[in-house]
Amino acid sequence: MKKIAVLSVVSLAALTACEEKSSNKLNLQGGPAACALDQANLGGTTWLYNKLAADGSGSREPDVQTRIQFENDGGTLKAKYTVGSYSDVYTYTCKEKAGEWACFEEPKWKDWCQALITGGGTCDEASLQKLSGDWYDAEAAKKGMAEANETVAKYKDGEQWEQFVFNNNNLGNKLQGRMYAKVNTKQCYLQVTDNYMTIYNGEMKEDSNPVGTDQFVENDQGELMFETCTDSADMIAMKSGTFPEKEDEVQPCLPNQGCSFTSGEEVFFHYIGTDGRETKEGCTYSYDVWADWKPVSKDNAAEIVEFNKSNEARYGFSQKYTEPGAHVTEIVRYATCDGKKEQVEVACNLVLVQ
């Protein structure tokens, strides 16, 4: 599995029941009787960023690219948040504080330590506990400290030490996503503050992602994708529906190489990776297709073909886009063996339509 930069070009959500769901209009009258949103029961709900229109009119429209899904996990509220990414979904653990939900990504202890050390600070249990607060995990923190010290020792006083320091000690080094969510019952929306934490010159700093503090409205777009793409290199978009069986025949259409599609043109997708392609006796193989984070088709049977004296599963389909701009397509591959269906991988591709 591998990732390439094409899907991180634009990497920077969605919850209960306003009476006028489909319009996403705000109830300016307010009051408990006008809005059914409940701060205590966000689990099982999905929200979309109610984005200001680019025309400066002041109107808003839901943005499915920036979406949040809350779920209850053994009594703990978790949030899956895309942060506006094409292909990534981040998981946050939420704790109620001062009338709002504070949702933080799991601490990256090793990265935190490296940032502290390269910024002239001290990485020890006390400093990590101060940074993480209620999210502190002593065992995981100690492991991260050991790993960081080992890595730092490899670079210290070496030719790459200066670059290592820069990589770990800069304001753009996003070390933890931090999101704060609070129900606005007067105007019937979820107020979200989208931040990230970094460590610079040994000090913790919290800054805003592009969403900043803004409103999210309940999802009215149906089922949406909340799986992270783990392979953005092996599902290719082509002008041809013929599967490329030789590496020198592979000519994917990539937006960063000036290749695009026209409105309504058929885009042919082929999975050319090797992960999970070789079939096993007694197993069946299938996949779901998603376009722009919405389901297109599910439980599609993979084509089983003979190749190099063995059988392999092939995943190919086509899709048309009419709206100009960048479009992300994802497939979720499955293998069913002995009646048990398991996910193999989420693959994705970004195409440009003109």
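Residues numbered from 1 in each chain as written. Predicted model: local features only at pLDDT ≥ 70, side-chain atom pairs only at ≥ 80, totals over all residues. Heavy atoms only, no water.

*Asks:* Can you break down the state of the cysteines residue by residue, with the values?
*Replies:* Scanning all chains against the criterion turns up 5 disulfides. Across the disulfide, Cys283 is cross-linked to Cys337 (sulfur-sulfur distance 2.0 Å). Its S-S torsion of about 120° marks the bond between Cys283 and Cys337 as right-handed, since a negative value means left-handed. Residue Cys283 is found in strand β11 (residues 283-291), and its partner Cys337 is found in strand β16 (residues 325-337); the two are separated by 54 residues along the sequence. Judged by relative accessible area, which is 16%, Cys283 ranks as buried. (Disulfide = S-S within 2.5 Å. Helix = DSSP H or I, 4+ residues; strand = E, 2+ residues; numbered from the N terminus. Buried < 20%, exposed > 50% of the residue type's maximum accessible area, 1.4 Å probe, protein only.)

*Asks:* Please provide a residue-by-residue account of the sheet that holds strand β10 (residues 266-271), values included.
*Replies:* Within a beta sheet, neighbouring strands are joined by backbone hydrogen bonds and run either parallel or antiparallel to one another. The sheet built from 3 strands is open, its strands ordered β9-β10-β15 with antiparallel pairing. Looking along the sheet, the strands with just one partner apiece sit at the ends: β9 (235-238) and β15 (316-320). Between one strand axis and the next, the sheet turns through 30° on average, direction left out of account. Pairing geometry for β10 and β15, over 5 bridges, is antiparallel. Residue pairing in the sheet places Phe269 in a bridge with Phe317 of β15. (Pairing = 2+ DSSP bridges. Axes fitted to C-alpha atoms, helices over the stretch in contact; angles between N-to-C directions.)

*Asks:* Explain the nonpolar core to me, using residue names and the numbers behind them.
*Replies:* Ranked by internal contacts, the top residues of the largest apolar core, which has 23 residues, are Ile68, Phe70, Tyr81, Met179, Leu190 and Phe216. Secondary structure elements with two or more residues in this core: β1 (46-52), β2 (60-73), β3 (76-81), β4 (90-97), β5 (100-105), β6 (176-184), β7 (189-200) and β8 (203-218). (Core = buried A, V, L, I, M, F, W, Y, C linked by side-chain atoms within 4.5 Å.)

*Asks:* So what's going on with the packing of helix α1 (residues 109-118) against helix α4 (residues 161-168)? Residues and values would help.
*Replies:* With their axes 8 Å apart at the nearest point, α1 and α4 run at an angle of 115° to one another. Crossing of α1 against α4: the hand is left-handed. Residues Gln114, Ala115 and Thr118 of α1 lie in contact with α4, whose contacting residues are Trp161, Phe164, Val165 and Asn168. Taken together, the residues that form the contact of α1 with α4 break down as 4 nonpolar, 3 polar and no charged. (Left-handed = near helix turned anticlockwise from the far one by under 90°. Contact = heavy atoms within 4.5 Å. Nonpolar A, V, L, I, M, F, W, Y, C, P; charged D, E, K, R; others polar.)

*Asks:* Describe the pattern of salt bridges, naming the residues involved and giving the relevant values.
*Replies:* Here the structure, examined in full by the defined rule, presents 13 salt bridges. Residue Asp73 pairs with Lys78 through a salt bridge whose shortest N-O separation is 3.2 Å. Note on Asp73: relative accessible area 42%, which makes it partly exposed. One connected set of salt bridges, linked through shared partners, spans Glu245, Arg277, Glu312 and Arg314. (Salt bridge = Lys/Arg side-chain N within 4 Å of Asp/Glu carboxyl O.)

*Asks:* Lay out the sheet that holds β16 in plain terms, naming residues and giving numbers.
*Replies:* Read across the sheet, 4 strands follow the order β12-β11-β16-β17 without closing on themselves; strand pairing throughout is antiparallel. One side of each edge strand has no neighbouring strand; the edge strands of this open sheet are β12 (294-301) and β17 (340-353). Strand-to-strand twist of the sheet, defined as the mean angle between neighbouring strand axes without regard to direction, takes the value 15°. Across 5 bridges, β11 lies against β12 in antiparallel orientation. The residue bridging Ala291 from the neighbouring strand is Lys294, located in β12.

*Asks:* I'd love a proper account of the pairing of β11, names of residues and values included.
*Replies:* For β11, the buried fraction is high: 8 of the 9 residues fall into the buried class. The turn joining β11 and β12, which pair antiparallel and follow one another in sequence, is formed by 2 residues; a positive phi near 50° is taken by Asp292.

*Asks:* Help me get a handle on the packing of aromatic side chains, residues and values and all.
*Replies:* Overall, the coordinates contain 14 aromatic pairs when judged by the stated rule. Considering the side-chain rings of Tyr86 and Trp293, the 6.2 Å spacing of their centres and the 15° angle between planes classify their relative orientation as stacked. With Tyr86 in the loop between β3 and β4 and Trp293 in the loop between β11 and β12, this residue pair connects regions lying 207 residues apart in the sequence. Here Tyr86 matches Trp293 in class, with each residue buried. Ring geometry for Tyr271 against Tyr315: centres 6.1 Å apart, planes inclined by 90°, an arrangement best described as edge-to-face. With Tyr271 in strand β10 and Tyr315 in the loop between β14 (310-314) and β15, this residue pair connects regions lying 44 residues apart in the sequence. Among the residues examined, Tyr271 registers a relative accessible area of 0% and is labelled buried. Here Tyr315 falls in the buried class, since its relative accessible area comes to 2%. (Phe/Tyr/Trp six-rings, centres within 6.5 Å; stacked < 30°, edge-to-face > 60°.)

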